[in-house]
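Examining the three-dimensional arrangement
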Amino acid sequence: MHENISTIAEYYERHQEHTSRAQRWAERASLILGSPGYVIANLVFIALWILWNTAGAAFLDLEQIDEPPFFWLQGLIGLNAFIISTTVLIRQNRMSKLANNHAHLDLQVSLLAEEKTSKIIEMLEDLRRDLPNVDNKVDREADELANPTDTKAVLSVIEQEADGFNCEKK
């Protein structure tokens, strides 16, 4: 168990080592930009901007930076949206690659476990047949389970179903 945990930790360390400085910066930024605090700070900034440029300029003799309809504010909001969406996409792309690696590993482990299970069933059935004090009855389900899954056939069925699903979507 500890060996598996160490292997996974090493995998994440290697993955982190291969992440560029720019990638790490974008991911840290996306964590901040995607936080509730950042949304609240933006809303406060926008409210203050509007107050400054309407009520502040009218009642407090403050210099109006941006007249309604707030051209500069719209530009800042647009730039903010661009930065947020780009950093989130950068992070999502890397997380997607990591998720694909996890899925591949899960598939490999599942196939290996299935092979081991089939072998165990086969060995138990052989043992049952060889024991003199156990009835030698035919167990079709055990015989079927003792055969390893034909992965190529399963993948072929999955691909056919996926193709059928994609055709229905069009």
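My aim in this report is to walk through the structure given alongside it, one point at a time.

Conventions we followed
- Residues numbered from 1 in each chain as written.
- Predicted model: local features only at pLDDT ≥ 70, side-chain atom pairs only at ≥ 80, totals over all residues.
- Heavy atoms only, no water.
- Phe/Tyr/Trp six-rings, centres within 6.5 Å; stacked < 30°, edge-to-face > 60°.
- Helix = DSSP H or I, 4+ residues; strand = E, 2+ residues; numbered from the N terminus.
- Buried < 20%, exposed > 50% of the residue type's maximum accessible area, 1.4 Å probe, protein only.
- Expected span 1.5 Å × (residues − 1).
- Bend = angle between axes of the 7 residues up to and from the residue.
- Contact = heavy atoms within 4.5 Å.

Focus on the packing of aromatic side chains
Taken as a whole, this structure holds 2 aromatic pairs when the rule is applied. When the ring of Phe45 is compared with that of Trp49, the centres are 5.6 Å apart and the planes differ by 50°; the resulting orientation is tilted. Taken as a pair, Phe45 and Trp49 lie in helix α3 (residues 36-59) at a separation of 4 residues, close to a single helical turn. Residue classification places Phe45 among the partly exposed residues on the basis of a relative accessible area of 39%.

A short note on α3
Spanning 24 residues, α3 covers 32 Å between terminal C-alpha atoms, matching the ideal 34 Å at 1.5 Å per step. Maximum bend of α3: about 40°, positioned at Trp52. Turning to α3, its buried residues are Asn42, Trp49, Asn53 and Gly56. Buried-residue contacts for α3 involve α4 (71-130).

Concerning unusual backbone geometry
The residue after Pro68, namely Pro69, is reached through a cis peptide bond having omega 15°. Looking at the element boundaries, Pro69 is found in the loop between α3 and α4. Even without a glycine there, the phi angle at Asp61 is positive, about 60°. Looking at the secondary structure, you find Asp61 in the loop between α3 and α4. Judged by its relative accessible area of 73%, Asp61 is exposed. The phi dihedral of Phe70 is positive, around 60°, even though this residue is not glycine. Here Phe70 shows up in the loop between α3 and α4.

So far we have only geometry, and geometry alone does not tell us how the molecule works.
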